[in-house]
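Secondary and tertiary structure notes
Residue strings, one per chain:
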Amino acid sequence: MTSLFEVVPEEAPADTPVRRLTISVNGEQHTLDVEPRLLLAHLVRQALGLTGTHVGCDTTNCGACTVLFDGSPVKSCTMFAVQADGHEITTVEGLASASELDPIQEGFKDEHGLQCGFCTPGMMLTAKALLNENPNPTEDEIRWALSGNLCRCTGYQNIVKAVLLAAAGLRNQEDAGEDETS
Amino acid sequence: MYPSRFAYEAPATVGEAIDVLRRAQGEAKVLAGGQSLVPMMKLRFASPEMLVDINNIPGLAYHFADPDGTYRIGALCRHVDLEKDADLPAQQPTIAAAAPVIADPIVRTRGTLVGSLCHADPQGDWASVMSALGGSIVAEGPRGRRSIPCVDFVNGPFQNLLEFDELAIEAFVPPPVGARSGGYLKLERRIGDFATVGVAVSVESTGAQVSRAGIGLTGVGPSTICADEAAEVLVGQDLNSDTIHRAAELASEISQPRSDHRGSAAYKRHIVATFVTRILSSLELATREAA
């Protein structure tokens, strides 16, 4: 069991209601006791130490805290951790495997899809969900899908290019996979 | 930001949820999508003692047309479910036009139509859509079920007619008289902002003649405005430049916009007329093609 120190603060009254939840984060199961008011973003960052999920505006505008909830992008500052009980969460740390980057990450690297990098985790996870659903998006579809993620460096041009490149990379990967099996 | 402490219940059935609400005696809030409630709790505009999370109740995520044409949207139907339904534009064109412009794409994966209506934000998009369509909310409580028309449902900013032990389980749109058409247009400064102006139009027609019409306005008054007088001039008429012009003019007159950082009152009035004209003109073509 993970340390509960940050999840239920020591100074919390003894009668503070606590809920036990089991969630899968990047494929790993965690069972924790949490206060119902703990936000999913804080669970991920503080209890699990996955600080790639950024809390930007904390008011449901910016999308920096986006994680995938059963594959769908959600703003983790706008969900309570208890709501994730029994569900699967993917954070930016879940994108790369031990040896290689996800094609989304390759795209952001090659197209310089980041400046300060604060919005990047949210951008990449939203893009990941888009490409899972629509492997060949147009530029307009990408801009539409990313419209809930704000980049205050205003680096949108390269972010869109990065997603286009990632989509092409993923399609090539699939074509190569088909060639190998045929 | 943390909300103040609350107790959390996640009932597995509608009956259990109502029971929890009844026992909480008005100190509980229902959590569906939470895309308005959670931010309000974090800012401590809302500090409910208990949250009743209905997301674990199976069978509330539906949206479908009954055989008689009544269109039902369950309490856990997310905006994105409506946005991605390829059949919806033909069945419910006004709802289909509004779904993709609610908040932003990430909020739409969680937020719900029924939750938005219950939240009763005076500048919410769905209230004008559902008012234009003559829709209702179905509330279930210890005394059974009742339907409340959306035009009556909101009795103040962020207030609705639900009793503390009632759960809004669905919204529905009655079957059309004849063929249904309509649309929703929203002017916003950026995606995710409230509407500078939003216009919902619903037209039901038999042949080229309008049998029933509704016009709802977002963002141009203290709350949703039902432009009934404007819709009324269309009934019994066909859609031509004359009737469209009169409806647009009336809707613009009925609106009560205020000048603010989103635009001047005169500008917003102009947009109301423009949007009514645009939607109705696009329907005029549809009627002609169908005829």
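Parameters at a glance
For every chain, the first residue of the written sequence is number 1, and numbering continues from 1 along that sequence. Each chain is given a letter, starting from A, and each ligand a number, starting from 1, according to the order in which they appear as written. With pLDDT at 70 or above as the cut-off, local features in this predicted model cover only qualifying residues; side-chain atom pairs require 80 or more to be listed or tallied, and sums for whole chains, interfaces and linings still use all residues. Where helices and strands are cited, they refer to DSSP runs of H or I of at least four residues and of E of at least two residues respectively, numbered from the N terminus. C-alpha atoms define the radius of gyration, and 2.2 Å times the number of residues to the power 0.38 defines the globule rule. Once C-beta atoms are placed from the backbone, each residue is buried if 20 or more other C-beta atoms lie within 10 Å of its own, exposed if 12 or fewer, and partly exposed for counts between those two. The contact criterion used here is simple: two residues whose C-beta atoms, placed from the backbone, lie within 7 Å are in contact. How sure the predictor is of each residue is captured by pLDDT, a score from 0 to 100. When DSSP finds two or more bridges between two strands, those strands count as paired. Axis lines are fitted through C-alpha atoms, for helices just across the contact stretch, and the angle between N-to-C directions can take any value from 0 to 180 degrees. Note that the arc is defined by the directions from the helix axis to the C-beta atoms. Each domain's extent is set by a domain assignment, obtained either automatically or from a database. Gly counts as polar in this scheme, as do all residues outside two lists: the nonpolar Ala, Val, Leu, Ile, Met, Phe, Trp, Tyr, Cys and Pro, and the charged Asp, Glu, Lys and Arg.

Along chain B, the regular secondary structure elements total 12 helices and 14 strands. Its C-alpha radius of gyration of 19 Å places chain B within 12% of the 19 Å reference for a compact globule of 291 residues. Projected onto its principal axes, the C-alpha coordinates of chain B cover approximately 60 × 45 × 30 Å. Within chain B, the fraction of its 291 residues that count as buried is 52%. Put simply, of all contacts in chain B between residues at least 6 apart along the chain, 63% involve residues at least 24 apart.

For chain B, per-residue confidence averages 96 on the pLDDT scale, and residues scoring 70 or more make up 97% of the total. For this predicted complex, the interface confidence comes out at an ipTM of 0.93, alongside a pTM of 0.94.

In this section: the sheet that holds strand S4 (residues 72–75) of chain A. Residue and element names in this part refer to chain A. Read across the sheet, five strands follow the order S2-S1-S5-S3-S4 without closing on themselves; strand pairing throughout is mixed. Edge positions in the sheet fall to strand S2 (28–34) and S4, since each has one partner strand and no second. Neighbour-to-neighbour, the strand axes of the sheet open up by a mean angle of 40 degrees, direction not taken into account. Two elements, strand S3 (residues 66–69) and strand S5 (residues 88–90), share two bridges in a ladder whose sense is antiparallel. From the neighbouring strand, Phe 69 faces S5, where its bridge partner is Ile 89. Where helix H3 (residues 120–133) meets the sheet, it contacts S3, S4 and S5, and its direction lies at approximately 30 degrees from that of S3.

This brings us to helix H2 (residues 103–110) of chain A. Residues and elements named next belong to chain A. Listing the buried residues of H2 in full gives Pro 103, Ile 104, Gly 107 and Phe 108. Along the long axis of H2, the arc covered by the buried residues comes to 145 degrees, so they all point the same way. Looking at the residues trailing H2, positive phi occurs at His 112, about 50 degrees.

Another aspect to go through is the domain arrangement of chain A. Residue and element names in this part refer to chain A. On domain assignment, one finds that chain A holds domain 1 (19–94) and domain 2 (103–176). Domain 1 puts 17 residues into the contact, and the matching count from domain 2 is 13 residues. For the side of domain 1 that touches domain 2, the secondary structure elements donating two or more residues are S3 and S4. In terms of residue count, S3 provides more of the side of domain 1 that touches domain 2 than any other element does, three residues in total. Class assignment of the residues belonging to the side of domain 1 that touches domain 2 gives a composition of seven nonpolar, 10 polar and no charged.

It is common to give the size of an interface as the accessible area that goes away when the parts come together. With 23 residues of chain B at the interface, the matching set in chain A holds 24 residues. Among the residues making up the side of chain B that touches chain A, the classes are represented as 13 nonpolar, five polar and five charged.

Attention shifts here to the pairing of S2 of chain A. Residues and elements named next belong to chain A. The sheet contact formed by strand S1 (residues 19–25) and S2 spans seven bridges and is antiparallel. What sits directly across from Ile 23, in S2, is His 30. From the end of S1 to the start of S2, which pair antiparallel, there are two residues, and Asn 26 there has a positive phi angle of about 50 degrees.

Moving on: the domain arrangement of chain B. All names here are of chain B. For chain B, the domain assignment lists domain 1 (7–53), domain 2 (63–173) and domain 3 (179–285). Opposite the 14 residues of domain 1 that make contact, domain 2 presents 19 residues. Ranked by the residues each element gives to the side of domain 1 that touches domain 2, the list is headed by helix H1 (residues 14–24), at five residues. When the residues that make up the side of domain 1 that touches domain 2 are grouped by side-chain class, the tally is seven nonpolar, six polar and one charged.

The next subject is the sheet that holds strand S4 (residues 63–65) of chain B. Residues and elements named next belong to chain B. Strand order across the open sheet formed by five strands is S4-S5-S10-S6-S7, with antiparallel pairing between neighbours. Edge positions in the sheet fall to S4 and strand S7 (144–149), since each has one partner strand and no second. Each adjacent strand pair in this sheet contributes to an overall mean axis angle of 25 degrees, direction not counted. Where strand S5 (residues 71–74) and strand S10 (residues 167–173) come together, four bridges link them in antiparallel fashion.

With that settled, consider helix H1 (residues 40–47) of chain A. Residue and element names in this part refer to chain A. Across the eight residues that make up H1, a large majority, seven, are buried. Considered for burial, the residues of H1 that qualify are Leu 40, Ala 41, His 42, Leu 43, Val 44, Arg 45 and Ala 47. Buried residues along H1 sit in contact with S1, S2 and S3. Immediately downstream of H1, the backbone of Gly 49 shows phi near 70 degrees, a positive value.

Trans peptide bonds make up most of the peptide bonds, and negative phi angles are found at most residues other than glycine. Residue and element names in this part refer to chain A. Backbone geometry places His 112, a non-glycine residue, at a positive phi of 50 degrees. In the Ramachandran plot, Thr 154 falls in the positive-phi region, its phi being about 60 degrees despite a non-glycine side chain. Tracing the backbone shows Thr 154 in the loop between helix H4 (139–145) and helix H5 (156–181).

A word on the environment of Gly 122 of chain A. All names here are of chain A. Within the fold, Gly 122 resides in helix H3. Here Gly 122 falls in the buried class, since 28 other C-beta atoms lie within 10 Å of it. Residues Gly 122 and Thr 91, spaced 31 residues apart in sequence, show a C-alpha to C-alpha distance of 8.8 Å. Gly 122 has contacts with Gly 63, Ala 64, Cys 65, Thr 66 and Asn 149, leaving out every residue within four places of it along the chain.

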